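Residues per chain are reported as follows:
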Amino acid sequence: PITVDGLSLGWLSGATLEGVEIANIEGGKDATMLKIGRVHVDLDLPALLSHTVHVRSLEVSGLEISLEQRAKDGAWNVQALRPSAAATPAPATPGAASVPWPVSVDALSVSGKARLLAHGKTLEVPELKLDGKAPDLLAQPVQFRLHARAASGDADWTLAAEGQGSAVQSGLKA
């Protein structure tokens, strides 16, 4: 199940979701797979008239994600969020191709923490920060900067990465 504590919409202020939670898969160690304290989207509404989705800013704060890998088949819990092929709607007119609207994101900001459980080990990431932008989300890779601090057992690591798509420069300090 998915729950949302609050939603506010404004022509000038954008849209805000508060208290978003997605329950974990059955048998997961944590009850919740994903929690988000707040999501705020500032959308350029006039751009929609020209069939363009222009997001001025997308801010996600208070993110808590629990990624779990099942021992029996190696599948990750987040794979349950993907829609099945049967759930994909068919085009309104048979044979008609749908052309997606261009999507751009001027500023993306995500902050929170993560927990990874795999092979009987746990990796805590108590500090996670991602900033980025996507001038043309459907045609070009996302440009991003990531900072994470993690702990596992007696070791602490700091990861810094930035790049565009799969071209990533990173540094890991133990």
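Caption draft 1: Structural view of the overall build of the chain. On a plain count of helices and strands, the chain comes out with one helix and nine strands. Along the chain, helices (α) and strands (β) appear in the sequence β-β-β-α-β-β-β-β-β-β when read from the amino end. Out of the 174 residues belonging to the chain, those deemed buried represent 22%. Taking the contacts inside the chain whose residues are at least 6 apart along the sequence as the reference set, 40% of them involve residues at least 24 apart.

Caption draft 2: Looking closely at the nonpolar core. If you look at the biggest cluster of nonpolar residues, it comprises eight residues: Val20, Ile22, Leu34, Ile36, Val39, Val60, Leu63 and Val110. Those elements that place two or more of their residues in this core are β2 (14-23), β3 (32-43) and β4 (53-68). No other element matches the three residues that β3 contributes to this core. In contact with valine 60, not counting residues within four places along its chain, are Ile36, Arg38, Val39, Ser109, Val110 and Ser111.

Caption draft 3: Just the environment of glycine 132, in detail. Note on placement: glycine 132 falls in strand β6 (residues 121-134). For the pair glycine 132 and glycine 163, spaced 31 residues apart in the sequence, the C-alpha separation amounts to 9.3 Å. Those residues in contact with glycine 132 that sit more than four places away from it in its chain are Asp106, Ala107, Leu108, Gln143 and Phe144.

Caption draft 4: Region of interest: the environment of valine 53. Here valine 53 lies in strand β4. Separated by 50 residues in the primary sequence, valine 53 and valine 103 have C-alpha atoms spaced 4.7 Å apart. With residues near it in sequence (within four places) discarded, valine 53 still touches Leu43, Leu48, Trp101, Pro102, Val103 and Ser104.

Caption draft 5: Seen up close, a negative patch on the surface. A contiguous patch of negative charge, built from Asp5, Glu18, Glu21 and Glu64, is present on the exposed surface. Along the chain, the position of aspartate 5 falls in strand β1 (residues 2-10). Judged by its relative accessible area of 70%, aspartate 5 is exposed.

Caption draft 6: Representation of the pattern of salt bridges. Going through the model one piece at a time under the given rule, you end up with seven salt bridges. Linking aspartate 30 and arginine 115 is a salt bridge whose minimum nitrogen-to-oxygen distance equals 2.9 Å. Residue aspartate 30 is found in the loop between β2 and β3, and its partner arginine 115 is found in strand β5 (residues 103-118); the two are separated by 85 residues along the sequence. For aspartate 30, a relative accessible area of 17% gives the class buried. A salt bridge links arginine 56 to aspartate 42, with the nearest nitrogen and oxygen atoms 3.4 Å apart. Here arginine 56, found in strand β4, pairs with aspartate 42, found in strand β3; they are 14 residues apart in sequence, far enough to count as distant.

Caption draft 7: Geometry of the pairing of β4. Relative to β4, β3 runs antiparallel, the two being bridged by eight bridges. Looking at β4, one finds that lysine 35 is bridged to glutamate 64. Where β4 meets β5, twelve bridges bridge the pair, whose relative direction is parallel. Residue pairing in the sheet places leucine 63 in a bridge with glycine 112 of β5.

Caption draft 8: Structural view of the layout of surface pockets. Approximately 290 Å³ is the volume found for the largest pocket. Lining of the largest pocket is provided by 16 residues; of these, Lys29, Glu68, Gln69, Arg70 and Ala71 occupy positions nearest its centre. The set of elements that each furnish at least two residues to the lining of the largest pocket consists of β5 and β6. Partitioned by chemical class, the residues of the lining of the largest pocket number four nonpolar, six polar and six charged.

About the criteria used
- Residues numbered from 1 in each chain as written.
- Predicted model: local features only at pLDDT ≥ 70, side-chain atom pairs only at ≥ 80, totals over all residues.
- Heavy atoms only, no water.
- Helix = DSSP H or I, 4+ residues; strand = E, 2+ residues; numbered from the N terminus.
- Buried < 20%, exposed > 50% of the residue type's maximum accessible area, 1.4 Å probe, protein only.
- Contact = heavy atoms within 4.5 Å.
- Core = buried A, V, L, I, M, F, W, Y, C linked by side-chain atoms within 4.5 Å.
- Patch = residues over 30% accessible without salt bridge, like charges linked within 9 Å, V, L, I, M, F, W, Y side chains within 5 Å.
- Areas by Shrake-Rupley, 256 points an atom, 1.4 Å probe, with all protein chains shown as cover.
- Salt bridge = Lys/Arg side-chain N within 4 Å of Asp/Glu carboxyl O.
- Lys, Arg positive; Asp, Glu negative; His and termini not counted.
- Charge placed at Lys NZ, Arg CZ, Asp CG, Glu CD.
- Pairing = 2+ DSSP bridges.
- 1 Å grid on protein atoms, 1.4 Å probe; cavity = no way out; pocket = protein on both sides within 12 Å on 5 of 7 lines; lining within 4 Å.
- Points joined across faces, edges and corners; volume = space filled by probe spheres on them.
- Nonpolar A, V, L, I, M, F, W, Y, C, P; charged D, E, K, R; others polar.

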